[in-house]
Amino acid sequence: ANFQERDDSTTVRVSNLSDNVTDQDLRDLFRRFGAIQRTYLAKDRETGLSRGFAFITFYQREDGQAAIDKLNGHGYDHLILSVQWAAPSEKK
């Protein structure tokens, strides 16, 4: 395997985030489930506001599963979060 290839098996996708959510909010929300490798919050280039979805990569798959179990369908900032495994990038 190419060592630069990211392992997405520990990455969860969060959607239905409000437009004023920040990377720090995401870390605060998810860090109780385990150590986070990185967060990626999709932002609008013009406004800098959240585009409503983000990716959180944990070190352990179990931590990602715990986050999905607890936060999928959970109310946050007046919205109901959708949290699931990120679709693995197609290996061609």
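For the structure, check the block above.
Residues numbered from 1 in each chain as written. Predicted model: local features only at pLDDT ≥ 70, side-chain atom pairs only at ≥ 80, totals over all residues. Heavy atoms only, no water.

1. Some words on the packing of aromatic side chains
So, step 1. Within the structure shown, the criterion is met by four aromatic pairs.
So, step 2. Summarising the aromatic geometry, the rings of F53 and F55 are spaced 6.1 Å apart at their centres and angled 85° between planes, so their arrangement reads as edge-to-face.
So, step 3. Clustering of aromatic rings is evident, with ring pairs tying together F30, F33 and F58.
So, step 4. Across the ring face of W85, the terminal group of R61 is positioned such that the distance to the ring centre comes to 3.9 Å. (Phe/Tyr/Trp six-rings, centres within 6.5 Å; stacked < 30°, edge-to-face > 60°. Lys NZ or Arg CZ within 6 Å of the ring centre and 35° of its normal.)

2. Looking at the pattern of salt bridges
So, step 1. Counted according to the given criterion, the structure contains two salt bridges.
So, step 2. K43 is the salt-bridge partner of D23, the closest N and O atoms lying 3.0 Å from each other. Highlighted residues: D23 in helix α1 (residues 23–30) and K43 in strand β2 (residues 36–43), separated in sequence by 20 residues.
So, step 3. Classification of K43 as partly exposed rests on a relative accessible area of 39%.
So, step 4. Close ionic contact of D28 with R31 constitutes a salt bridge, the shortest N to O distance being 3.4 Å.
So, step 5. Exposure remark for R31: the relative accessible area of 53% places this residue in the exposed category. (Salt bridge = Lys/Arg side-chain N within 4 Å of Asp/Glu carboxyl O. Helix = DSSP H or I, 4+ residues; strand = E, 2+ residues; numbered from the N terminus. Buried < 20%, exposed > 50% of the residue type's maximum accessible area, 1.4 Å probe, protein only.)

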